[in-house]
Structures are given as C-alpha cells and as structure tokens.
Amino acid sequence: MGFFKKIWNWIDDRSGISETIMPLAKHLVPPASKWSYVFGSATLFCFILQVATGIGLSLLYQPSSQNAYHSLEYITNQAFLGNVLRGIHYFGASGMILFVGIHMIRVYITASYKFPREMNWISGVILLFLTIAMGFTGQLLRWDANGVWSSVVAAEQLSRVPIIGTYIADVLLGGQAIGEHTLNRFFSYHVFIIPAMMFILVGFHLFLVFRNGISEPPKPGRLVDPKTYRKWYQHLLAKKGVPFWPNAAWRDALFGAVVVICIVGLAIFFGAPKLTQPPDPSIITTTPSPDWYMIPIFALFALMPPKIESYIIVIGPLVTIFALLALPFLSNSGERSPLRRPWAVFGTFLVLIFVFSLLYIGLKAPWSPKFDTKPIYKQIKTNNPDMEKGMVLFYKKGCQYCHQIKGHGGMKGPDLTLIGRTWDKNQLKVQIINGNKNMPAYGSILTKDELNQLVNYLAALR
Amino acid sequence: MKQEKEISESRRNFLMKFSLGLGGIAALLAGIPILGALFQPLIKKGEQKWRVVGKLTDFAKGETQLIKFRNAEEDAWAGVSAKSAGWLRHKENGEFECFSANCTHLGCPVRWEKDAELFMCPCHGGVYYKDGTVAAGPPPKSLTQYSVRVNKGNVEVKTAPIPLTKITA
C-alpha cells in the first residue's frame, strides 16, 4: 500500500468520511429520473456560487452607508476582475431565481409534494421566499440611488401592516429615515441573517431528499396512497433502483457545470449592472427601478386599483404564502401525472403568463412620465405660429410626458396623433380643464389663451 | 454506586427541566442584547431638528424650489445617505409650505415640473398639484409636509421621519 493511501486510510477511518458519505452518494434512486430532475441541484449550485462569490465581494466591499457606493465603484472599475466577480454574483442571483422557479414548477406539475414529501415542499416554499429576500436585499447593497429608493419602497410596503407597520419599517431601515444604520442593516440581513436561515433550510431540504427519496417520475393512473406508498417505494428501489452517484448524478453535475460556465460567460460578456447615482436621497432626478426579478411586483403596484392597493400589499403576500404552504395538506394523495391533472398545468400556465406579462409591461413602464422625451416642437417643424405655440405648451405643461404624438412622448395616456379626428374642441377643453382619475385637471394651470392654443393644436391633429 | 438507569422518575424529570431551564436562561441573557441591537431603532429614537435651508430672500414669492438638508442623524458615517430633500413653496401671501419629496404611494422622489406646476413621480406615475394634493395616479393622499418657520431672516425646516403611508390612508 502506498504512503498516501495509508494516510488517506487513517484519515478516513478516524473521520468516517467514506462511511458517512458513500451511502448517501450511492443511495438508490428510482430509474428514469432524468433531465427534469436537474433544476433543484442547479439551484443548489447557484446557491453555492452565490456564497463563494459573495465571500469574494465581502473582501472588497465596505458595508457602511457612507462608503458602500465608493467601494462598489472601486470593485467595478479598479479591483482585479472585480466587475466580473460582481457580474457572476448578479447573474448567479438571476440564475438562482430562475431555477428555483423552474424547480418549483416541476415539483408542482408532477405533484412531487404529495405524501410523504409534504415537508420537502414546505421547506422549499420558505426557501423560495428567502431567495427572493436575498435578491431584493442584494440589489440594494449596491447602495446607489436605486439601492436607497428600494429600501424606501420596502419600508413603505411594510408600513401598510396595521398597527405595527411603522415599527417594522423603522426596524427594517434602522431608523425613521435613511441614514447611518440603513446600509449596515441590509448588509446584516443579506450576509448573515437570511443566509443562516438558508443554510439550515437547504440542509433540511437535502436531508429530506435522502429521507423521503427522490420522487419517481409519475405515471398516469399510478396513485399515491399514503398507507402503502412508502412500502411500494422501497420495493421499487430494491427492484429497479440505481445508485444516485454516478448513474443519476452525472446529469446534475453536467447541467450544474454548464449553468456555472454560462453565468461566468455572461458576467465576462455583459459585466455587472451599472451603478446609478450616489446614495443621496436629496438627488430627486432619478428613476428608481429594481432588478428584473423584482419588476413584476413593481409593475403590479402601478396597475392595481389604488383603492384596494394598500390592502393587497398586506394581504397578497400573506395569502400567497398561506396558499403555498397549505397545498400539500389540501391534496397529499392520488394522481401525480400532469396528464391527469390538467387544471394544475393550466393554473401554472396562467401564473406564468401573469408574471411574464407583468415583467414585460414593467420593463416598458408605460405608467411612468417620460421625463426624457424630446420636445415635440423641436421634432416636428411647422410654419404656423399658432400650432407652434400649441406644441410648445404640449411639451412644457407636461402633456408630452404622458401622451404621444407621432411617436414622441410617454405612454401613460392615449396617443393623440389623430385626436382631432374624433374629438372636437369642446370635448378637448372639458377634458383638459377637468382631467380625470389618471390626468391632472389643468383648469387652474393654463391661462385662457394657453388653453385655446393647446386645443387648437390638438384639434388640428388629424 | 447506583447505575444511571436507576435514577428515579422524579429526578429524571427534575434534571430534564433543570437542563432546559438553565439553558433557556443562558440563551435569554445572551439574547436580550442581541434583540436590543435588532430593535435599536425603536428604543433609541433621535430628536427631530430645525435645519436652516436658506435666507428668506432666497425664495421668491409664488415659486416652488428644491431644498436639501441633513436629516436628524448627525453621525458622519451616514455620508450623503442622511440627506433629505423637500419642495419649499413660498406662497403668494408670504407663507411657506414645505413638501416632502417622498411620494405617498411608495416613497419615490417626486420632482417639480415648473411650467406644468405639477409634482410628478417617476416610479408609478403619481401626480400632485402645487398645493400637494393628488392630481392623478395611484397616490392615496396628499404629499406630506415638513414644518417650516422663519427665524432671524432664515427659513428653517424641521426634519421628520420618512413619511410612511398607512393602510387606511
């Protein structure tokens, strides 16, 4: 026996590595657990990547309200491969959110949450929300203008909680206003508190994967019966099971490696998200917008009827969490195949369409005034001085921030390119003077002459 | 010497409660200061302060101007994060009004559009009139106001917490 082999044998004997790990690695899994099973492990690989790159970033980051932004500039522009490191952490976060979503959808449409894996689902749901919390607190740690305003928006949401809302918001921000404690708090949430919970829950989640076994691919008509399932599953493993390592695990390893390589590739190619303005809440010419995975929620806030919005902000998340946690208690037996559970598949489609529609419209943000629109009177030339005056007013009075004419302007209100065809001067006047729910009343803002000039211009658009 | 298993049921009970109880007390003692750190913002609330934002003559009648001041936190390590903005309006009758820059919808910074005489929010399209009342969009209430006073020829604004909107607003 070689010298090194001897050393290894000694270490292995005294530490029990093989004795503990090998049975786990070699444990039997159902046959045919193929490519649809790689998303959970891909999430785990992303998580490990996030921990590792997060540690790397923590070596360069200054967690204080005063210095965080400067250290971000340092990491991005000066540190060796700092921009790539930031990029990996950013795309790793995106990957983790993506795969946690796909993993959850896979588990849901194949009903893997049914007996005896209810606790796998429950711990997974908590991990989903912790992952989102990590995404939110992480983008905020850039501590640029977006970071500052993200923390304010979060505090505003929490303040909607009845009675204790203001207190929760103050605890979140570390005070009644943005200040010296705010960034440290979010650093602590993002680097210590939430990761600690995640380590525990990821460990528990994996332990449950071993304890309850990987769910076998569903077959239409093969029902889950809690009375007999465990025995049947053990029998299946004994008869047809294959060792996890390497028969099944090679797919996880391959997919995980491709995911990590892609993330690094994206980081090299695109780099980290650009920093916005410094974290100075008195800089008001900023347009706060969260990272893409928060956009659907951000969009929802713009689209909800204002009357019920405050209630939805509080009740919505509670109902969502409750419904997800309740799922395995509502149905823990019976059919697992998506072919026999069309409503589950249909429901998943609806949720996906909902989320992606919100993401799509959120990226366009048609509800936001388009402050950077180019003045229409500089885009379209006219020889008619009356029209010219109307155009100037159309821009200066803010109309153009929300209305388009010939492709110039915002999208909040209707396009007015051809408004003169359908609206007469009187209708236009009434609308401009009185406004409505989504448009300010300009009655006290415009002089009579200005109103006439504006109306003459709009009525001529045909 | 007695065998371990022979200890009486009541003694086992006592040892169990003793261990858990003592462990609990130890955890509690160590935990209180930790919770103290977590809830620090509720325990130690700073006082709000008056800040000079300019001379009386800096603000023309009928104009709305951006003012910047440091919020109630004094420590240098807050950096620029401790700055606040407000919109100071010198009304025609010589009185002042100072609006918080935070939209009442979700707190984003509203900007004053001078020609349009409107405050507009970039986030979700909230719009307010020059007196701070809602003109359009999702905001549930008027812009919050800071206290303003004129002191020895200076205009002073009193710092305030970030205006948080309640569910009933």
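Bear in mind the structure is a predicted one, so any value in this text is a computation, not a measurement.

## Observations regarding helix 3 (residues 38-58) of chain A
Residue and element names in this part refer to chain A. Spanning 21 residues, helix 3 covers 30 Å between terminal C-alpha atoms, matching the ideal 30 Å at 1.5 Å per step. For helix 3, the complete set of buried residues consists of Val38, Phe39, Ser41, Ala42, Thr43, Cys46, Phe47, Leu49, Gln50, Thr53, Gly56 and Leu57. On its buried face, helix 3 is in contact with helix 4 (68-77), helix 5 (82-109), helix 9 (182-212) and helix 11 (244-270).

## Details of the UniProt feature "domain: Cytochrome c" (unreviewed entry) in chain A
Mapped onto this numbering, the UniProt entry annotates "domain: Cytochrome c" (unreviewed entry) at residues 385-462 of chain A. The distance from the first to the last C-alpha atom of residues 385-462 of chain A is 18 Å, and the span holds 54% helix and 5% strand.

## Comments concerning the interface of chain B and chain A
Facing 61 residues of chain B, the contacting portion of chain A comprises 62 residues. Roughly 5300 Å² is buried in total at the junction of chain B and chain A, and carbon and sulfur atoms are behind 60% of that figure. Remark: the boundary between chain B and chain A carries one salt bridge. The salt bridge partner of B:Lys83 is A:Asp280, with a shortest N-O separation of 3.4 Å. In this assembly, chain B and chain A are joined by 27 residue pairs in polar contact (both at pLDDT 80 or more). Examining the composition of the side of chain B that touches chain A, we find that four residues originate from one element, strand 3 (residues 83-90) of chain B, more than from any other. Its residues placed into classes, the side of chain B that touches chain A shows 36 nonpolar, 15 polar and ten charged.

## Here's the deal with the pattern of salt bridges
Per the counting criterion, the structure on display carries twelve salt bridges over all chains. What you see here is one network of salt bridges that share partners, running through B:Arg89, B:Lys91 and B:Glu97.

## Some words on the packing of aromatic side chains
By the definition in use, this model includes 29 aromatic pairs over all chains. Residues A:Phe187 and A:Phe192 carry aromatic rings whose centres are separated by 6.3 Å and whose planes lie at 85 degrees to one another, so their mutual orientation is edge-to-face. Its relative accessible area of 16% is what places A:Phe187 among the buried residues. The class for A:Phe192 is exposed, based on a relative accessible area of 54%. Among the aromatic side chains, those forming a connected cluster through ring pairs are A:Tyr90, A:Phe91, A:Phe269 and A:Phe270. The ring of A:Tyr37 has A:Arg106 lying over it, and the distance from NZ or CZ to the ring centre is 4.5 Å. Positioned over the ring face of A:Phe371 is B:Arg111, at 3.7 Å from the centre of the ring.

## A look at helix 5 of chain A
Taking 1.5 Å of rise per residue, the 28 residues of helix 5 of chain A would be expected to cover 40 Å, and the 40 Å separating its terminal C-alpha atoms lies within 8% of that figure. Note on helix 5 of chain A: the residue one or two positions beyond its end, A:Ala111, has a positive phi of about 50 degrees.

## Thoughts on the sheet that holds strand 7 (residues 127-129) of chain B
Residue and element names in this part refer to chain B. One open sheet holds the four strands; their spatial order is 5-6-7-8, and the pairing between them is antiparallel. Bordering the open sheet on either side are strand 5 (111-113) and strand 8 (134-136), each of which pairs with just one other strand. The average undirected angle you get between the axes of adjacent strands in this sheet is 35 degrees. Examined bridge by bridge, strand 7 and strand 8 share two bridges and lie antiparallel to one another. Bridging across to strand 8, Tyr128 finds its partner in Val134.

## Considering unusual backbone geometry
Residues and elements named next belong to chain A. Cis geometry is adopted by the peptide bond preceding Pro116, which originates at Phe115 and carries an omega value of 0 degrees. Mapped onto the elements, Pro116 comes out in the loop between helix 5 and helix 6 (118-140). Residue Pro246 is bonded to the preceding Trp245 through a cis peptide linkage, with omega at 0 degrees. Here Pro246 lies in helix 11. The backbone of Leu81 sits at a positive phi, close to 55 degrees, despite the residue not being glycine. With respect to the secondary-structure elements, Leu81 resides in the loop between helix 4 and helix 5.

## Here we look at the domain arrangement of chain A
For chain A, the domain assignment lists domain 1 (32-364) and domain 2 (376-459). Placing the centre of domain 1 of chain A and that of domain 2 of chain A at their C-alpha centroids yields a distance of 45 Å.

Criteria and cut-off values
- Residues numbered from 1 in each chain as written.
- Chains lettered and ligands numbered in written order.
- Predicted model: local features only at pLDDT ≥ 70, side-chain atom pairs only at ≥ 80, totals over all residues.
- Heavy atoms only, no water.
- Helix = DSSP H or I, 4+ residues; strand = E, 2+ residues; numbered from the N terminus.
- Expected span 1.5 Å × (residues − 1).
- Buried < 20%, exposed > 50% of the residue type's maximum accessible area, 1.4 Å probe, protein only.
- Contact = heavy atoms within 4.5 Å.
- UniProt positions renumbered as here; feature names shortened; annotations may be inferred.
- Buried area = accessible area lost by both parts, 1.4 Å probe.
- Salt bridge = Lys/Arg side-chain N within 4 Å of Asp/Glu carboxyl O.
- Polar contact = N/O pair within 3.5 Å; in protein donor to acceptor, adjacent residues only side chain to side chain.
- Nonpolar A, V, L, I, M, F, W, Y, C, P; charged D, E, K, R; others polar.
- Phe/Tyr/Trp six-rings, centres within 6.5 Å; stacked < 30°, edge-to-face > 60°.
- Lys NZ or Arg CZ within 6 Å of the ring centre and 35° of its normal.
- Pairing = 2+ DSSP bridges.
- Axes fitted to C-alpha atoms, helices over the stretch in contact; angles between N-to-C directions.
- Domains from an automatic or database assignment.

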